[in-house]
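# Structure at a glance
Each chain, letter by letter, is given below.
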Amino acid sequence: MTNKLHERETHSDARETIVITGASGLIGSRIVGQLHHKYNLVGLDLESPQDAELPLDHILTDLTSDESTDDAFEQIRERHGNRITSLIHLAAYYDFSGEPSPLYEELTVEGTRRVLRALQKFKFQVEQIVFSSTLLVMKPEEQGRRVSELSETRAEWAYPQSKLRTEQVLRDEHGVIPVVILRIAGVYDEQCHSLPLSQQIARIYERQLESHVFPGNTTHGQALVHLDDLAQCFEQTINRRHRLDPISLFLIAEPDVMSYGELQDQLGQLIHGEQWTTIRIPKPVAEAGAWVQNKISSDDDKPFIKPWMVRLADDHYAATIAHAWIKLGWHPKHRLRETLPDMIDFLKRDPQRFYEENGLPVTDEVAEASVH
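Within any chain, residue numbers begin from 1 and follow the written order of that chain's sequence. Confidence filtering applies because this is a predicted model: local features only for residues at pLDDT of at least 70, side-chain atom pairs given and counted only at 80 or more, and all residues used for totals across whole chains, interfaces and linings. Side-chain calculation: all heavy atoms of the structure are included, whereas hydrogens and water are not.

## Overview of the overall build of the protein chain
Helix and strand definitions here come from DSSP, where helices need a minimum of 4 consecutive H or I residues and strands a minimum of 2 consecutive E residues; each element is numbered from the N-terminal end. Looking only at helices and strands, one finds 13 helices and 13 strands in the protein chain. For a compact globule of 372 residues, the expected C-alpha radius of gyration is about 21 Å, and the protein chain comes in at 21 Å, within 12% of that figure. C-alpha atoms of the protein chain, sized along the principal axes, occupy 60 × 45 × 40 Å. Each residue is assigned to one of three classes by its accessible area relative to the maximum for its type, calculated with a 1.4 Å probe on protein chains only: buried under 20%, partly exposed between the two thresholds, exposed over 50%. Across the 372 residues of the protein chain, 52% fall into the buried class. Accessible surface, the protein chain: about 17,400 Å² in total, of which carbon and sulfur atoms supply 50%. Neither His nor the chain termini are counted; the positive set is Lys and Arg, and the negative set is Asp and Glu. Charge positions come from single atoms, namely NZ of Lys, CZ of Arg, CG of Asp or CD of Glu. If the 39 positive side-chain charges of the protein chain are averaged to one point and the 58 negative ones to another, these points end up 6 Å apart. It is over C-alpha atoms that the radius of gyration is taken, and the globule rule equals 2.2 Å times the number of residues to the power 0.38. Reported accessibility uses the Shrake-Rupley method at a 1.4 Å probe radius. Residues are deemed covered only where the shown protein chains occlude them.

## Observations regarding unusual backbone geometry
Phi is positive for Cys-192, which is not a glycine, with a value near 85°. Structurally, Cys-192 can be placed in the loop between β9 (186-188) and α5 (195-205). Here Cys-192 falls in the buried class, since its relative accessible area comes to 0%. Non-glycine residue His-193 carries a positive phi angle of around 55°.

## A few points about helix α2 (residues 66-80)
Helix span is expected to be 1.5 Å times the residue number reduced by one. Over its 15 residues, α2 runs 21 Å from end to end, which matches the ideal 21 Å to within 8%, given 1.5 Å per residue. Buried residues of α2: Ser-68, Thr-69, Ala-72, Phe-73, Gln-75, Ile-76, Arg-79 and His-80, and no others. Along the axis of α2, the buried positions cluster into a sector of 150°, meaning they face one direction only. Seen from the buried face of α2, the exposed residues on the opposite side, beyond 90 degrees, are Asp-66 and Glu-67. Residues are treated as being in contact if the distance between any of their heavy atoms lies within 4.5 Å. Contacts made by the buried residues of α2 are with β1 (17-21), β2 (40-45), β3 (56-60), β5 (86-89) and α3 (102-121). Downstream of α2 by a residue or two, Gly-81 has a phi angle that is positive, lying close to 85°. Here the arc refers to the set of directions running from the helix axis out to each C-beta atom.

## What about the confidence of the model for the protein chain?
Per-residue pLDDT for the protein chain averages 91, and the proportion of residues at 70 or more is 90%. Considering only residues more than four positions removed or in separate chains, one finds that residues 1-12, a stretch of pLDDT under 50, has 28 contacts. Each residue carries a pLDDT score, the predictor's confidence in it, ranging from 0 to 100.

## Thoughts on the pairing of β1
The element β1 is extensively covered by neighbouring structure, given that five of its five residues are classed as buried. Side-chain alternation along β1 places Thr-17, Val-19 and Thr-21 on one buried face and Ile-18 and Ile-20 on a second face that is also buried. For two strands to be treated as a pair, DSSP must find at least two bridges joining them. When β1 meets β2, the two strands line up parallel, connected through five bridges. If you follow Ile-20 over to β2, its bridge partner there is Gly-43.

## Digging into the pairing of strand β7 (residues 129-134)
The buried fraction of β7 amounts to six of the six residues, a majority that puts the element mostly inside the structure. In β7, alternate side chains face the same way, and those of Ile-129, Phe-131 and Ser-133 on one face and Val-130, Ser-132 and Thr-134 on the other are all buried. With three bridges joining them, β5 and β7 adopt parallel strand pairing. Bridging across to β7, His-89 finds its partner in Phe-131. Across six bridges, the pairing between β7 and strand β8 (residues 179-184) is parallel. Bridging across to β8, Thr-134 finds its partner in Ile-184.

## Things to note about the packing of helix α1 (residues 26-35) against helix α6 (residues 227-239)
Two elements in contact, α1 and α6, have axes whose closest approach is 9 Å; the angle formed by their N-to-C orientations is 60°. Taken together, the axes of α1 and α6 are oblique relative to one another. As α1 packs across α6, the resulting crossing turns out to be right-handed. Contacts between α1 and α6 involve Leu-26, Ile-27, Arg-30, Ile-31, Gln-34 and Leu-35 from the first element and Leu-227, Asp-228, Leu-230, Ala-231, Gln-232, Phe-234, Glu-235 and Ile-238 from the second. Just so you know the grouping, Ala, Val, Leu, Ile, Met, Phe, Trp, Tyr, Cys and Pro go in nonpolar, Asp, Glu, Lys and Arg go in charged, and all remaining residues, Gly too, go in polar. Of the residues that constitute the contact of α1 with α6, the class distribution is nine nonpolar, two polar and three charged. Axis definition: a line fitted to C-alpha atoms, limited for helices to the stretch in contact. Angles are taken between N-to-C directions and run from 0 to 180 degrees. If an angle is under 35 degrees, it is roughly parallel; if it is over 145, roughly antiparallel; if it lies from 65 to 115, roughly perpendicular; otherwise it is oblique. The hand of a helix crossing depends on one turn: near helix anticlockwise from the far one by less than a right angle means left-handed, and clockwise means right-handed.

## Examining the packing of aromatic side chains
Only centres within 6.5 Å qualify two rings of Phe, Tyr or Trp (six-membered ring in Trp) as a pair; their planes then separate them into stacked at under 30 degrees, edge-to-face at over 60, and tilted for everything else. Within the structure shown, the criterion is met by eight aromatic pairs. With a centroid separation of 5.8 Å and an interplanar angle of 45°, the aromatic rings of Trp-157 and Tyr-159 are classed as tilted. Assessed through its relative accessible area of 10%, Trp-157 is described here as buried. Look at Tyr-159 and you get buried, because its relative accessible area is 16%.

Structure (structure tokens):
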């Protein structure tokens with residue numbers, strides 16, 4: 001499947017070719033918007049891009065299938081030649097259930113292996129593979145200390161565990177192709193697009209009882225990064241490809257971290273104009289409460305908070321990003337605390353759209369607030 005731009009022969013396109021797996025997702029779409037003015041873009045995904053006007057050759061691809069993966073790369077070779085400037089590998093499985101899924105292995109890990117083998121099978125000349133990993137593969141640090149590329153790893157649940165296994169596949173099977181691993185913090189933008197953050201916002205907006213309790217240290221927090229800064233990071237990684245090592249690793253995050261308590265206070269002020277009281281409760285109590293709520297809820301109305309999340313509530317992730325600044329020339333321009341007012345303004349202007357944009361269940365009260 002291709003868009004109209006690529007119904008013509010593309011070998012004549014003098015621009016360098018970038019292949020993006022998972023191009024139709026949140027991050028992939030933002031990267032396409034960042035790069036399409038400069039590069040010839042090919043997107044591999046099960047879904048078509050939401051913005052059909054972007055000049056992207058979309059190839060319907062299922063990376064859990066050997067046949068589909070091979071067919072996609074054969075189409076790339078036929079339409080764009082066998083030279084790839086950079087392959088940005090975003091396609092992966094994730095959810096917040098915390099439960100094991102065969103897709104972590106079939107898509108995230110083995111899908112990566114299929115991509116590597118297809119590149120070798122069709123004899124592509126690839127200047128670089130850029131893999132989107134996650135900061136969550138790292139062992140969290142104490143408050144006041146930062147994780148770096150040299151810090152220990154300790155993936156605690158299925159999603160980061162799959163990313164860590166995939167990093168090893170790339171190290172073992174990349175051959176002569178240089179690999180860049182980006183361990184990326186949680187992403188957000190002015191519409192939020194961060195599931196944990198949007199859940200926190202919704203609890204406060206709806207004045208839920210749960211919004212006033214927290215089982216972890218409220219002075220701890222997790223690093224984030226704005227989607228626009230992340231897209232710019234991928235562009236810089238491509239620009240600096242000839243200066244990087246055969247295997248490069250970078251942490252990608254904002255240098256400062258808003259603690260859970262600071263977030264609560266700012267959200268309370270922005271949403272309701274009042275300080276938001278947060279009480280720390282014992283983890284066993286919170287874990288038992290989360291277990292009960294998940295047991296008694298229907299499959300269509302499962303609460304976001306799971307018992308395993310309670311166990312990780314104290315995790316603190318602040319990252320040192322000097323390596324990315326020195327090697328990639330990248331430093332984020334946005335800060336979460338400066339973007340929160342825009343995020344909450346979007347919520348207040350159209351609560352229903354905010355909820356829908358962030359995959360939150362729209363209650364009658366939210367829908368009514370949007371009408372008024």
